[in-house]
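These are the residues of each chain, in order.
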Amino acid sequence: VMPAGSPYHKKNQIVSPAIYRYELCKKNLKTQVHTMLSDMEIQRDEASYTIDTVNALGDVQGGEDRIALIYGSDILFTILDWKEPEELLRKTSLVV
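None of the values given here were measured: they were computed from a predicted structure.

Quick notes on the overall build of the protein
Scanning the protein from N- to C-terminus turns up three helices and two strands. Reading the helices (α) and strands (β) of the protein from amino to carboxyl end gives α-α-β-α-β. The C-alpha atoms of the protein give a radius of gyration of 13 Å, which matches the 12 Å a tight globule of 96 residues would have. Referenced to the eigenvectors of the C-alpha coordinate spread, the extents of the protein come out at roughly 35 × 35 × 25 Å. Here the protein, with 96 residues, has 25% of them falling under the buried criterion. Contacts in the protein between residues at least 24 apart in sequence constitute 57% of all its contacts with a sequence separation of at least 6. Surface summary for the protein: the accessible area is close to 7000 Å², and the carbon and sulfur share equals 53%. Both charge centroids of the protein, one from 11 positive and one from 14 negative side chains, sit 6 Å from each other.

As structure tokens, then:
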């Protein structure tokens, strides 16, 4: 599980602070022994692009595991405006 850092596509919207979302995930994942929590995105100083995170995870994992992106249905209206959306959809499984 990786809470988003500073999503560039929400720069003009009010979003909850990344550290709050991270701590909320941490609290709720305490009993999930087969689930890992990462702060990779919230540690970035610049805007977060999902494809950059996916590529970085692929480098770490060696590309053996398929990454699942879990989003709300609102993502369907904007994902084609994201950075490299075709590549993102090719490399991941989108769960809505």
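Concerning unusual backbone geometry
Across residues other than glycine, the phi torsion is negative in most instances, and most of the peptide bonds are trans. Here Glu84, not a glycine, exhibits a phi torsion of approximately 50 degrees, which is positive. You can see Glu84 is positioned in the loop between β1 (67-70) and α3 (85-91). Overall, Glu84 belongs to the partly exposed group, its relative accessible area being 40%.

Focus: the environment of Gly58
By the secondary structure assignment, Gly58 is in helix α2 (residues 50-61). Note: C-alpha distance between Gly58 and Lys91 (33 residues apart in sequence) is 9.2 Å.

Parameters and conventions
- Numbering of residues begins from 1 in every chain and follows the order in which that chain's sequence is written.
- Side-chain atom pairs in this predicted model are given and counted only at pLDDT of 80 or more, local residue features only at pLDDT of at least 70, and totals for whole chains, interfaces and linings cover all residues.
- Computation of side-chain values covers all heavy atoms of the structure but excludes hydrogens and water.
- Note on conventions: DSSP H or I runs of at least 4 residues are helices, E runs of at least 2 residues are strands, and numbering of each starts at the N terminus.
- For the radius of gyration, the atom set is restricted to C-alpha positions; the globular benchmark scales as 2.2 Å times the number of residues to the power 0.38.
- Buried, partly exposed and exposed residues are distinguished by accessible area as a fraction of the type maximum, computed with a 1.4 Å probe on protein chains only: under 20%, between the cut-offs, and over 50%, respectively.
- Note on contacts: a residue pair is in contact if any heavy atoms of the two residues lie within 4.5 Å.
- All accessible-area figures derive from a Shrake-Rupley calculation using a 1.4 Å probe, and residue coverage is judged against the displayed protein chains alone.
- When charges are counted, neither His nor the chain ends are considered; positive counts come from Lys and Arg and negative counts from Asp and Glu.
- Every charge is mapped onto a representative atom, which is NZ of Lys, CZ of Arg, CG of Asp or CD of Glu.

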